[in-house]
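Examination of the molecular architecture
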Amino acid sequence: MGAYRLLLAILVAVSHMGKTFAGLNPGVVAVISFLIISGFVMTSLIERNYKAPQKIGLFYMDRALRLYPQFLFYFLASCAVIYCLLPGTPQAAELTLGNIAASLTMVPLGFYMFGLAGPLILPPAWSLGLEMCFYLVIPFLLIYKARGVAFVLSVAVFMTACLGFLNTDVYGYRLLPGVLFMFLCGSYLYKPQAKGLAIAAGTAVVAALMFAAIEAGLIERRPFNAEVTAGIALGIPAVYVLTKLKFHRVDEFLGDISYGVLLNHFVVMYFLRAFWPVAYDAHIVAAVLILSFGLSCVSYYSIERPALKLRHALRAGARFSVGKRRGGEKVA
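What counts, and at which threshold
Residues numbered from 1 in each chain as written. Predicted model: local features only at pLDDT ≥ 70, side-chain atom pairs only at ≥ 80, totals over all residues. Heavy atoms only, no water. Axes fitted to C-alpha atoms, helices over the stretch in contact; angles between N-to-C directions. Helix = DSSP H or I, 4+ residues; strand = E, 2+ residues; numbered from the N terminus. Parallel < 35°, antiparallel > 145°, perpendicular 65-115°, else oblique. Left-handed = near helix turned anticlockwise from the far one by under 90°. Contact = heavy atoms within 4.5 Å. Nonpolar A, V, L, I, M, F, W, Y, C, P; charged D, E, K, R; others polar. Buried < 20%, exposed > 50% of the residue type's maximum accessible area, 1.4 Å probe, protein only. Salt bridge = Lys/Arg side-chain N within 4 Å of Asp/Glu carboxyl O. pLDDT = per-residue confidence, 0-100.

**Here we look at the packing of helix 3 (residues 56–85) against helix 5 (residues 97–104)**
Contact pair helix 3 / helix 5: the axes reach a minimum separation of 11 Å and the direction vectors enclose 160°. Relative to helix 5, the element helix 3 lies roughly antiparallel. In this structure, helix 3 meets helix 5 at a crossing whose hand is right-handed. Residue-level contacts link Tyr68, Phe71, Leu72, Phe75 and Cys79 of helix 3 to Ile100, Ser103 and Leu104 of helix 5. Among the residues forming the contact of helix 3 with helix 5, the class breakdown is seven nonpolar, one polar and no charged.

**Let's talk about unusual backbone geometry**
Phi at Met106 takes a positive value of approximately 75°, unusual for a residue other than glycine. Tracing the chain through its elements places Met106 in the loop between helix 5 and helix 6 (126–143). With a relative accessible area of 0%, Met106 lands in the buried category. In the Ramachandran plot, Phe224 falls in the positive-phi region, its phi being about 70° despite a non-glycine side chain.

**Observations regarding the packing of helix 9 (residues 176–188) against helix 10 (residues 194–216)**
Helix 10 packs onto helix 9 with a crossing angle of 135° between their chain directions and a minimal axis gap of 8 Å. The angle between the axes of helix 9 and helix 10 places the two elements in the oblique class. Helix 10 is crossed by helix 9, and the crossing has left-handed handedness. Facing Phe181, Cys185 and Tyr188 of helix 9, the residues of helix 10 in contact are Gly196, Ile199, Ala200 and Thr203. Class assignment for the residues of the contact of helix 9 with helix 10 results in five nonpolar, two polar and no charged.

**Remarks on the side chain of Gln91**
Relative to the elements of secondary structure, Gln91 occurs in helix 4 (residues 90–93). For Gln91, a relative accessible area of 10% puts it in the buried group. With residues near it in sequence (within four places) discarded, Gln91 still touches Ile82, Leu120, Tyr270 and Arg273.

**Quick word on the pattern of salt bridges**
In a structure, side chains of opposite charge can pair up when their charged atoms sit close to one another. Taken as a whole, this structure holds nine salt bridges when the rule is applied. When the shortest N-O distance is used, the salt bridge between Arg174 and Asp169 registers 3.0 Å. On the basis of relative accessibility, which here comes to 11%, the residue Arg174 falls in the buried class. With relative accessibility at 17%, the residue Asp169 sits in the buried group. Between Arg221 and Glu215 there is a salt bridge, with its nearest N and O atoms 3.4 Å apart. Relative accessible area serves as the criterion here: at 41%, Arg221 is assigned to the partly exposed category. Connected through salt bridges with shared partners, the residues Asp62, Arg63, Arg66, Glu304 and Arg311 form a single ionic network.

**Considering the confidence of the model for the protein chain**
Considering every residue of the protein chain, the mean pLDDT works out to 93; 96% of them sit at 70 or more. Residue range residues 325–332 is modelled with pLDDT below 50. Its contacts to residues more than four positions away, or to other chains, number one contact.

Pasting the structure below:
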């Protein structure tokens, strides 16, 4: 899924440069696939390494080591670029001690709409706050077999928001209650049983029908409800197919740099804006993406890789302690 993840990061970057496709925001469609992928990967990770209540803390450490190194680097880089090159802008106005402190804890970024963090410092990072909220709950849903209940409740919140009874953007795209079922569709695709496949496939079909209804005017189009339903309908089958493909080093490399691209393209955009405040034509878009790829390669090998070694050691320790305990139980 590495190439697919990089494509999704590119679509997010392109959307932030004002590009749309057929009237749809490609970044929102891409984010939904990221949520589905996260559900799949976290289920795999927990099932293989952390599926015990006493291991939940280690899972949280694993996830912090995954998200924080590059996030901290690019968040601080964005602060520096804004402070030095973009004084007097709305971005500079958000460089307050409170905003920076809240943003560094990451979770408040997912609640920026309530004024808990500054969304303009590193705009794509709001989705990391959402990811962290998912990480907080997914071990409990798996260990205590509560996915089904959570799925139904989340669908209810999403449908209420999609139809306009709640804020569609906030509760149908940004906050965990309305999107948890999207994560869980990915979860059901890990070693899928017939029931899990039926849930994921049924969700994709219903989402496709809802998208068609929105496009036909049968359901009122509201902020991002077309993009979210399209993202579900496309993302579930895409992730299912891609999880069946064999490992390839090139694909792994492309996936490795996708996280950096997701985070750093705004840093590049802010830097270029200070010197060439022009529209994002094809040349500028290409320049942003090329610089973003290069930066991501540097940050992956200099920042991400050392943290990756710690994560692998953490997982090995978790597996060893579980195996040791089970061995002791057998001897006893």
